[in-house]
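# Topology and contacts: notes
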Amino acid sequence: MTATRDAGAGRPELAAYAAATGLPRRLRGLLCLDDFEAAARRHLPRPLFGYIAGAAETNRSYLDNRLQFDDYAFVPHVMADVSRRTTETTLFGRRYRMPFGIAPVGISAISAYRGDIVLAQAAQAAGVPAVMSGTSLIRMEEVAAAAPGTWFQAYLPGDDSKLDGLIARVAQAGFQTLVVTVDLPVWANRENNVRTGFSMPLRPSLRLAWDGLVRPRWLLGTFARTLLRHGMPHFENSFATRGAPMFSVSALRDTTGREHLNWAHIRRIRRQWQGPLVVKGILHPRDAQAALDCGADGIVVSNHGGRQLDGAVAPLRVLPRIVDAVGGRATVMMDGGVRRGADVLKAVALGAACVFAGRPFMYAAAVGGREGVDHALKLLGDEVSRNLAMLGLDSLDALSPDCLQARPR
Ligand code: FNR
């Protein structure tokens, strides 16, 4: 279903729901994660919406990330007393209320006021993990203080001394779990960014100004408010020290020079990083094995939401092989296309300890700030709990491939 601007207009069932929820007006018609996309499209300037929504080249991987969940159907049990069911999961010794979390999303504070903090605090309140992006515009120290327990995601600087400095800073800031994203040796070809006028660095132009003017709630509530209260956004967390301003050409230089990175860099980080180390962006079982050999505690099976190699396999399709290769020696997680409780449970049934979603929570933060993300997390959590009941299971441990039937292709 698509989101309605004014919940319940001409739809009595929605009006009743809206009144019962006590949600702010702008969130009332949003009944599932997909609904946030349409709301964000109306709220954000075209280049910013396009940056979040877009993927690489033909969108093959992006689209397949949704279709992958259709490979399986549930085979539920009935009459199983699910009244005491729990959706809890343990990751790196910590208990979480749900087996899903918020994926790292770059430059979130330009689409949502104080985006990184909003996302991290909402996740903390809901008892789920959130991963702060290293390509972010709020100092990591502020986010760690505002929401202790948040995970930090790093893109590796190409040079070793900068790499060591960044890792030392992340530890000093108080993060315990480090996620290193490894599927970005070069920037992908994201033609859609060119078409919508998004660039990194953002180049001021008449078109950009016009795109902002026609979205006054974003212009005043996010952009102007950020500039007035916090000054020009900088890339704050790419290195040990502050990076370039968002509207500067050196911003581009700061995000290149990663082509030579290899597993030795992960081993180098492992020697330095004391806490759980997660490698994000694995699709090949041999790479899962390599990450383990380097001492990783966890991996995220991911094609970067279809934003890197177009045509890269959808993560759920390789998840069973990777779970097999890992053989219980590390925590296997997954992201890409997760929009429903049913998606979460299918991934868990195939061996994921947790899944992450990126775009939906970013849309929620843009449209509704903290309340928006709270609402999105609750919608997904309710779906997980409800579906677990209808599967006739009382815990995630009871989920296994036996609960699924592969659909013939
Ligand atoms: C991302 N992703 C990402 N990943 C990462 O490791 N560091 C980052 O800074 C970003 N930035 C980023 C920005 C935006 C706008 C999007 C949509 C995604 C990828 C992200 O963590 C995750 O892998 C995907 O978003 C998962 O796919 P879905 O849930 O968006 O379908």
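Heads up: the structure comes first, above all this text.
Residues numbered from 1 in each chain as written. Predicted model: local features only at pLDDT ≥ 70, side-chain atom pairs only at ≥ 80, totals over all residues. Heavy atoms only, no water.

### Here's the deal with the overall build of the protein
Under the convention used in this document: Runs of E in the DSSP output that reach at least two residues are strands. Runs of H or I that reach at least four are helices, and both are numbered from the N terminus. Categorising residues by exposure relies on relative accessible area from a 1.4 Å probe, with only protein chains included: less than 20% of the type maximum marks a residue as buried, more than 50% marks it as exposed, and the intermediate range marks it as partly exposed. The criterion used for residue contact is that any of the two residues' heavy atoms lie within 4.5 Å. Within this scheme the basic residues Lys and Arg register as positive and the acidic residues Asp and Glu register as negative, but His and the chain ends are omitted. To locate a charge, the coordinates of NZ of Lys, CZ of Arg, CG of Asp or CD of Glu are taken.
When you go through the protein residue by residue, the secondary structure sums to 16 helices and twelve strands. Its C-alpha atoms give the protein principal-axis dimensions of roughly 60 × 60 × 40 Å. Residues classed as buried in the protein amount to 56% of the 409 residues present. Intrachain contacts of the protein at a sequence separation of at least 6 include 74% that bridge at least 24 residues. The averaged location of the 37 negative side-chain charges in the protein is 5 Å from the averaged location of its 49 positive side-chain charges.

### Section: unusual backbone geometry
What you tend to see is this: most non-glycine residues have negative phi, and most peptide bonds are trans. Backbone geometry places Asp-81, a non-glycine residue, at a positive phi of 45°. Along the chain, the position of Asp-81 falls in the loop between β1 (72–74) and β2 (89–91). Its identity as a non-glycine residue notwithstanding, His-304 has a phi of 65°, on the positive side. Note that His-304 resides in the loop between β9 (298–301) and α14 (315–326).

### Regarding the pairing of strand β7 (residues 178–181)
Note the cut-off: Two strands pair if DSSP finds at least two bridges between them.
Along β7, one buried face is formed by Leu-178 and Val-180 and the opposite face, lined by Val-179 and Thr-181, is buried too. Where strand β6 (residues 151–154) and β7 come together, three bridges link them in parallel fashion. Along β7, the bridge assignment pairs Phe-152 with Leu-178. As paired elements, β7 and strand β8 (residues 277–282) share four bridges and run parallel to each other. Across the sheet, Thr-181 pairs through a bridge with Lys-280, a residue of β8.

### Examining the nonpolar core
To keep it simple, the criterion reads: Remark: nonpolar core denotes a set of buried residues (Ala, Val, Leu, Ile, Met, Phe, Trp, Tyr, Cys) joined through side-chain atoms within 4.5 Å.
In this structure, Phe-100, Leu-178, Ile-299, Met-334, Phe-361 and Leu-399 are the most contacted members of the largest nonpolar core, which totals 110 residues. At 14 residues, the largest contribution of residues to this core is made by helix α16 (residues 359–390). If we ignore the near neighbours within four places in the chain, the residues touching Phe-361 are Leu-33, Phe-100, Gly-101, Ile-102, Leu-119, Val-373, Ala-376, Leu-377 and Leu-380. In terms of nonpolar packing, the next biggest core, distinct from the first, is built from eleven residues, Ala-103, Val-131, Trp-151 and Phe-356 among them.

### Things to note about helix α4 (residues 60–67)
The condition that has to hold: This arc describes the spread of directions from the helix axis toward the C-beta atoms.
Residues of α4 that are buried: Ser-61, Tyr-62 and Asn-65. An end-on view of α4 places all buried positions within 105° of arc, on one side of the element. Of the surrounding secondary structure, the elements contacted by the buried residues of α4 are α2 (35–43), α3 (46–53), α14 and α16.

### Looking at the site of the ligand
Spelled out, the test is: By convention in these notes, a residue is near a molecule or strand provided one of its non-hydrogen atoms lies within 4 Å of it. Nitrogen and oxygen atoms within 3.5 Å of one another constitute a polar contact, given that in protein one can donate a hydrogen and the other can accept it, and given that sequence-neighbouring residues count only through two side-chain atoms. Reported accessibility uses the Shrake-Rupley method at a 1.4 Å probe radius. Residues are deemed covered only where the shown protein chains occlude them. Amino acids outside the nonpolar list (Ala, Val, Leu, Ile, Met, Phe, Trp, Tyr, Cys, Pro) and the charged list (Asp, Glu, Lys, Arg) are all regarded as polar, and Gly is one of them.
Pro-104, Ser-133, Thr-181, Asp-335 and Gly-358 are the nearest of the 23 residues found near the ligand. Contact between the ligand and His-304: a nitrogen atom at 3.4 Å from a side-chain N or O atom of the residue. A distance of 2.9 Å separates an oxygen atom of the ligand from a polar atom in the side chain of Arg-359. When isolated, the ligand has an accessible area of 590 Å², and the protein chains bury 98% of it. Looking at side-chain class alone, the shell around the ligand contains seven nonpolar, eleven polar and five charged residues.

### Quick look at the sheet that holds β6
By definition, the strands of a sheet pair up through backbone hydrogen bonds, in either a parallel or an antiparallel sense. Operational definition: What counts as an axis is a line fitted to C-alpha atoms, over the stretch in contact for a helix, and the angles between N-to-C directions run from 0 to 180 degrees.
Strands sit in the order β4-β11-β10-β9-β8-β7-β6-β5 across an open sheet of eight strands; the sheet is parallel. Looking along the sheet, the strands with just one partner apiece sit at the ends: β4 (100–102) and β5 (131–132). Along the sheet, helix α12 (residues 263–272) makes contact with β7 and β8, crossing β8 at roughly 160°.

### Some points on the packing of α2 against α16
For any two helices packed against each other, the geometry comes down to the angle between their axes and how far apart the axes lie. For clarity, the threshold we go by: Any angle between 65 and 115 degrees counts as roughly perpendicular, while under 35 counts as roughly parallel, over 145 as roughly antiparallel, and the rest as oblique. Here is the rule for handedness: rotate from the far helix to the near one, and if that takes an anticlockwise turn smaller than a right angle the crossing is left-handed, while a clockwise turn gives right-handed.
Remark: α2 packs on α16, axes separated minimally by 11 Å, with the N-to-C direction vectors making an angle of 155°. One element, α2, and the other, α16, form an angle in the roughly antiparallel class. The handedness of the crossing between α2 and α16 comes out as right-handed. Within the contact between the two elements, α2 uses Phe-36, Glu-37, Ala-39, Ala-40 and His-43 and α16 uses Pro-360, Tyr-363, Ala-364, Ala-366, Val-367, Gly-372, His-375, Ala-376 and Leu-379. Looking at side-chain class alone, the contact of α2 with α16 contains ten nonpolar, three polar and one charged residues.

### Looking at the pattern of salt bridges
Here is the rule we go by: In what follows, salt bridge is the name for a side-chain nitrogen of Lys or Arg lying within 4 Å of a carboxyl oxygen of Asp or Glu.
Taken as a whole and judged by the stated rule, the model has 16 salt bridges. Glu-88 is the salt-bridge partner of Arg-95, the closest N and O atoms lying 2.9 Å from each other. Overall, the relative accessible area of 34% leaves Glu-88 in the partly exposed class. For Arg-370, the salt bridge is made with Asp-374, and the minimal N-O distance between the two is 2.8 Å. A residue pair is termed a helical-turn pair when its members lie 3 or 4 positions apart in one helix, as Arg-370 and Asp-374 do in helix α16 at four residues. A network of salt bridges, in which partner residues are shared, links Asp-64, Asp-71 and Arg-317.

### Re the pairing of β9
As a reminder of what qualifies: A crossover gets the label right-handed when its path from the first strand over the helix to the second runs clockwise, viewed with the strands pointing away from the viewer.
Covered by surrounding structure in β9 are Gly-298 and Val-300 together with Ile-299 and Val-301, the residues of both alternating faces. Summarising the sheet, β8 and β9 pair through four bridges and their orientation is parallel. Bridge pairing in β9 places Lys-280 opposite Val-300. Of the crossover connections in this fold, the one passing from β8 over helix α13 (residues 285–293) to the parallel β9 is right-handed. Alignment of β9 against strand β10 (residues 331–335), held across four bridges, turns out to be parallel.

### Details of a nonpolar patch on the surface
Where we set the bar: Surface patches are drawn from residues lacking salt bridges whose relative accessible area is over 30%; two like charges belong together within 9 Å, two nonpolar side chains (Val, Leu, Ile, Met, Phe, Trp, Tyr) within 5 Å.
A cluster of nonpolar residues, Trp-210, Leu-213 and Val-214, forms a patch on the protein surface that exposes about 320 Å² of accessible area. Its relative accessible area of 35% is what places Val-214 among the partly exposed residues.

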